[in-house]
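# Chain and residue survey
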Amino acid sequence: MRIAHLLHRKGPDVVTVEPGAGVREALALMARHGVGALVVSPGEGRVAGILSERDVVRALHASGDAVLDGPVSALMTAEVHTCPPGASVHDLARTMTDRRVRHVPVVEDGRLLGIVSIGDVVKARLDELEEERAHLVDYIQAG
């Protein structure tokens, strides 16, 4: 299965935040939308970084609650691992595991198309396995 197919099923909605937005505002967006990460974008579909719950927790531990009053750009991960829509779900799962990332923006020609979470990848893989199982059962019963 390709990432484009996964995005087609899931939808292209991505919650974004501007780099200069406050961390408290970003946390409110995460809570309101029930997501664990925001794509940091200055606009026009560009990706400047990603802010995850993990980034915020690490900053809180290291520097205390003063980080909540700062900008998203101070906490975001600027080196974002992205993938193209033509990538396979299997390859993305390997990348997410190897690089220990849970959210990967889908980008084509420098433009944000969607975001894939580790949960999306697991669900897609489970759906594939269920489909394979059903085909095998049909094959065995027909034989």
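Here's what I pulled together on the structure shown here. (Residues numbered from 1 in each chain as written. Predicted model: local features only at pLDDT ≥ 70, side-chain atom pairs only at ≥ 80, totals over all residues. Heavy atoms only, no water.)

### Points about the pattern of salt bridges
For the coordinates displayed, the defined rule picks out seven salt bridges. Of the charged contacts, one joins D69 and R24 as a salt bridge, the two residues approaching to 3.0 Å between their closest N and O atoms. Placement of D69 in the loop between helix 3 (53–63) and helix 4 (89–99) and of R24 in helix 2 (residues 23–33) is noted, with a sequence separation of 45 residues between them. Using a relative accessible area of 59% as the deciding quantity, one classes D69 as exposed. Of the charged contacts, one joins E132 and R125 as a salt bridge, the two residues approaching to 3.9 Å between their closest N and O atoms. Among the residues examined, E132 registers a relative accessible area of 42% and is labelled partly exposed. When salt bridges with common partners are traced through the structure, they connect R9, K123 and D127 into a single cluster. (Salt bridge = Lys/Arg side-chain N within 4 Å of Asp/Glu carboxyl O. Helix = DSSP H or I, 4+ residues; strand = E, 2+ residues; numbered from the N terminus. Buried < 20%, exposed > 50% of the residue type's maximum accessible area, 1.4 Å probe, protein only.)

### Remarks on the sheet that holds strand 1 (residues 16–17)
Strand order in the open sheet formed by three strands is 1-2-3, and the pairing between neighbours is mixed. Looking along the sheet, the strands with just one partner apiece sit at the ends: strand 1 and strand 3 (49–52). Lying on the sheet, helix 2 is in contact with strand 1, strand 2 (37–40) and strand 3; it crosses strand 2 at an angle near 125°. (Pairing = 2+ DSSP bridges. Contact = heavy atoms within 4.5 Å. Axes fitted to C-alpha atoms, helices over the stretch in contact; angles between N-to-C directions.)

### A word on the nonpolar core
Grouped together as the largest cluster of nonpolar side chains are 17 residues, with contacts concentrated most on V17, L38, L51, V72 and L75. Within the residue set of this core, elements represented by two or more residues are helix 2, strand 2 and helix 3. The element contributing the most residues to this core is helix 2, with four residues. Setting aside residues up to four positions removed in sequence, L51 forms contacts with A26, M30, G36, A37, L38, V40, V56, V72, L75 and M76. (Core = buried A, V, L, I, M, F, W, Y, C linked by side-chain atoms within 4.5 Å.)

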